[in-house]
Amino acid sequence: MSYGERPYWDMSNQDVIKAVEEGFRLSAPMNCPSRLHQLMLECWQKERTDRPKFAQILSILNKMGRNPENLKSTPKRGGSGICTSNLHIPLLDQSFPAFPSFDSVGEWLDAIDMGRYKDNFTAAGYCYLESVARMTVQ
């Protein structure tokens, strides 16, 4: 789904572990169907009892494969019986190690080798670093 992009950019393994323990989850890769990303988030729940069982994952993926047109719409909540309550964590509320400061979204994207997504961020209304920092998984 991510076309080989490094999922955590230039973060060290220890920084990734700390961020994940504090609730950080990856955003959806470009063109990733929202329902598929929702399933990914469900699989990344901190408590293993809140994660879907293998049979549930298989069933969900099977349904996605049989009805690919449903992948284009926003998933309905509550249908899978899987807990998804902690998915609205703004990135700004996370404590991460010090990173270089940036003056613009474009400069930040260039620094993490994702400059090709500048137009996508602008089109989605993310013109200021503060708005990017306040993004949630949704």
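Residues numbered from 1 in each chain as written. Predicted model: local features only at pLDDT ≥ 70, side-chain atom pairs only at ≥ 80, totals over all residues. Heavy atoms only, no water.

A separate point is helix H3 (residues 54–66). For H3, built from 13 residues, the straight-helix expectation of 18 Å at 1.5 Å per residue is met to within 8% by its first-to-last C-alpha distance of 18 Å. Taken together, the buried positions of H3 are occupied by Ile 57, Ile 60 and Met 64. Projected down its long axis, H3 shows its buried positions confined to an angular sector of 70°, all on one face. Projecting away from the buried face of H3 at angles above 90 degrees are the exposed residues Phe 54, Ala 55, Lys 63, Gly 65 and Arg 66. On its buried face, H3 is in contact with helix H2 (34–43). (Helix = DSSP H or I, 4+ residues; strand = E, 2+ residues; numbered from the N terminus. Expected span 1.5 Å × (residues − 1). Buried < 20%, exposed > 50% of the residue type's maximum accessible area, 1.4 Å probe, protein only. Arc of directions from axis to C-beta. Contact = heavy atoms within 4.5 Å.)

Further remarks concern the packing of H2 against H3. Viewed as axis vectors pointing N to C, H2 and H3 meet at an angle of 175°, and their least axial separation amounts to 11 Å. Judged by the inter-axis angle, H2 sits roughly antiparallel to H3. The residues of H3 that touch H2, namely those facing Arg 35, Leu 36, Leu 39 and Cys 43, are Ile 57, Ile 60, Leu 61 and Met 64. Grouping the amino acids of the contact of H2 with H3 by side-chain chemistry returns 7 nonpolar, no polar and 1 charged. (Axes fitted to C-alpha atoms, helices over the stretch in contact; angles between N-to-C directions. Parallel < 35°, antiparallel > 145°, perpendicular 65-115°, else oblique. Nonpolar A, V, L, I, M, F, W, Y, C, P; charged D, E, K, R; others polar.)

So, about the packing of aromatic side chains. Inspection of every chain in the model, using the stated rule, returns 3 aromatic pairs. Residues Phe 121 and Tyr 126 carry aromatic rings whose centres are separated by 6.3 Å and whose planes lie at 65° to one another, so their mutual orientation is edge-to-face. The class of Phe 121 is buried, set by a relative accessible area of 17%. Taking the relative accessible area as the measure of exposure, Tyr 126 reaches 27% and is therefore partly exposed. Grouping aromatic residues by their ring pairs yields a cluster made of Trp 108, Phe 121 and Tyr 126. (Phe/Tyr/Trp six-rings, centres within 6.5 Å; stacked < 30°, edge-to-face > 60°.)

This part takes up the environment of Cys 43. With respect to the element layout, Cys 43 can be found in helix H2. As for Cys 43 and Lys 53, which are separated by 10 residues in sequence, their C-alpha atoms are 8.8 Å apart. Beyond its immediate stretch of four places on either side in the chain, Cys 43 contacts Arg 51, Pro 52 and Ile 57.

What follows deals with the pattern of salt bridges. Across all of its chains, the model carries 2 salt bridges by this definition. For the salt bridge of Glu 42 with Arg 35, the shortest nitrogen-to-oxygen distance reads 3.7 Å. Take Glu 42 and Arg 35: they sit in the same class, and that class is buried. We note a salt bridge from Asp 110 to Lys 118, for which the minimum N-O separation is 2.9 Å. (Salt bridge = Lys/Arg side-chain N within 4 Å of Asp/Glu carboxyl O.)

To continue, consider unusual backbone geometry. Non-glycine residue Asn 31 carries a positive phi angle of around 65°. Not every positive phi belongs to a glycine, and Asp 113 is a case in point at roughly 60°. Take Asp 113: it is sitting in the loop between helix H4 (105–111) and helix H5 (118–123).

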